Amino acid sequence: MGQSVNYSELFSQLIAKDDKINTSMLTFLYYMFPRDLFIRALSLLESNDMMIYILDNENSPDTAAKRTETLADESISKSETNEIDTKVHAETINTQTNNELKYMNDTLRSIYKDDDFKLLYRLIVKSNDTTPIYVYLKNWTCSCNEYCELFHDSISSNRTESIQNKLITEIDDIDEFKDDHFAQLDIHSFSRQYYFQFDKVMCPHLLAYSILLRSSLTVLEHFVIRKSNVLLIRINNIDEWLKLHINIVV
Ligand SMILES: [Zn+2]
């Protein structure tokens with residue numbers, strides 16, 4: 001599994017023009033990944049367990065702004081009750097109105113283009129265990145057991161070699177630069193390209209979010225807007241955002 005293949009490009013062809021899954025591409029990608037990873041990632045994408053939480057206190061439509069105001073007032077009035085279990089005032093975005101639809105499109109576009117990770121968003125998968133699974137495409141890490149075990153195995157072999165040498169491919173020749181963003185680290189580096197060696201450490205969560213966010217806007221919109229399989233949940237103010245983290249960590 002070399003890096004010469006442009007996985008981003010292949011993922012972007014997964015959704016055909018009629019907005020259905022492109023079955024030939026699905027079959028092709030199935031054979032590109034070991035351990036049924038691709039099928040497991042696709043099942044995850046359709047499971048309704050994947051979420052994108054975004055802190056968005058600037059671009060919300062009017063309704064959301066009003067809602068934030070109300071929630072903020074509520075927080076103040078409840079602040080003395082010490083309720084750590086304060087419900088997370090997140091609002092699942094559904095395409096109820098044109099305003100909402102436009103907002104959702106804009107948000108997805110911002111997330112998709114957020115190569116420098118300026119937006120505050122978190123990728124979280126609902127799990128049967130008590131703890132949700134956190135996925136970080138930026139660093140190619142995931143909190144699931146499969147990832148941890150593979151990572152441990154990879155760094156345990158040949159202890160004299162650095163972790164960087166073991167797990168990261170570095171390209172310093174500009175003529176060798178690739179358009180592929182799959183498993184790419186430090187996307188904004190101009191002088192070098194870095195890729196995580198995903199054939200050594202990968203789980204269905206990283207693959208599923210890569211299909212969403214390292215392919216094309218069409219694929220992202222397919223799963224989030226048109227199929228509503230992946231939930232985009234916006235948090236309207238920083239207090240709520242912090243509470244979300246507290247509630248998840250506790
Ligand atoms: Zn994982």
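Residues numbered from 1 in each chain as written. Predicted model: local features only at pLDDT ≥ 70, side-chain atom pairs only at ≥ 80, totals over all residues. Heavy atoms only, no water.

Regarding the overall build of the protein chain
Move 1: For the protein chain, the helix and strand inventory stands at 10 helices and nine strands.
Move 2: In the protein chain, buried positions account for 44% of the 250 residues.
Move 3: Taking the contacts inside the protein chain whose residues are at least 6 apart along the sequence as the reference set, 71% of them involve residues at least 24 apart.
Move 4: Accessible area of the protein chain: about 13,600 Å², with a carbon and sulfur share of 49%. (Helix = DSSP H or I, 4+ residues; strand = E, 2+ residues; numbered from the N terminus. Buried < 20%, exposed > 50% of the residue type's maximum accessible area, 1.4 Å probe, protein only. Contact = heavy atoms within 4.5 Å. Areas by Shrake-Rupley, 256 points an atom, 1.4 Å probe, with all protein chains shown as cover.)

A look at the coordination of the zinc ion
Put simply, a metal with four donors set out as a tetrahedron has ideal angles of 109.5 degrees, and one with six donors set out as an octahedron has ideal angles of 90 or 180 degrees.
Move 1: Protein coordination at the zinc ion: the donors are Cys142 (SG), Cys144 (SG), Cys203 (SG) and His205 (ND1), at 2.2 to 2.3 Å from the metal.
Move 2: Coordination geometry of the zinc ion: the four donor atoms subtend angles of 103 to 112° at the metal centre, consistent with an arrangement described as tetrahedral.
Move 3: Donor residues for the zinc ion sit on one chain with the sequence pattern C-x1-C-x58-C-x1-H. A residue pair is termed long-range when its members are at least 10 positions apart, and Cys142 in strand β5 (residues 141–142) and Cys203 in the loop between β8 (193–196) and α8 (204–213) qualify at 61 residues.
Move 4: According to the relative accessible area criterion, Cys203 is buried, its value standing at 0%. (Donors = N, O, S within 2.8 Å, 3.2 Å for Na, K, Ca; no water. Tetrahedral: all angles 85-135°; square planar, octahedral: opposite > 155°, others 65-115°.)

Structural notes on the pairing of strand β3 (residues 121–125)
Move 1: Across the five residues of β3, four count as buried, placing the element largely inside the fold.
Move 2: By the bridge criterion, five bridges tie strand β1 (residues 50–55) to β3 in an arrangement that is antiparallel. When the bridges of β3 are listed, Met51 appears paired with Ile124.
Move 3: The pairing of β3 with strand β4 (residues 133–136) spans three bridges and is classified as antiparallel. Looking across to β4, one finds that Leu123 is bridged to Val135. (Pairing = 2+ DSSP bridges.)

Things to note about the nonpolar core
Move 1: Phe33 and Trp140 are the most contacted members of the largest nonpolar core, which has 58 residues in total.
Move 2: Of all the elements, α8 adds the most residues to this core, at seven residues.
Move 3: Among the nonpolar cores identified, the runner-up in size contains nine residues, and Met51, Tyr134, Trp241 and Leu244 belong to it. (Core = buried A, V, L, I, M, F, W, Y, C linked by side-chain atoms within 4.5 Å.)

Considerations on the environment of Glu240
Move 1: Residue placement: Glu240 occurs in helix α10 (residues 238–249).
Move 2: When the C-alpha atoms of Glu240 and Met25 are compared, they prove to be 41 Å apart, with 215 residues separating the residues in sequence.

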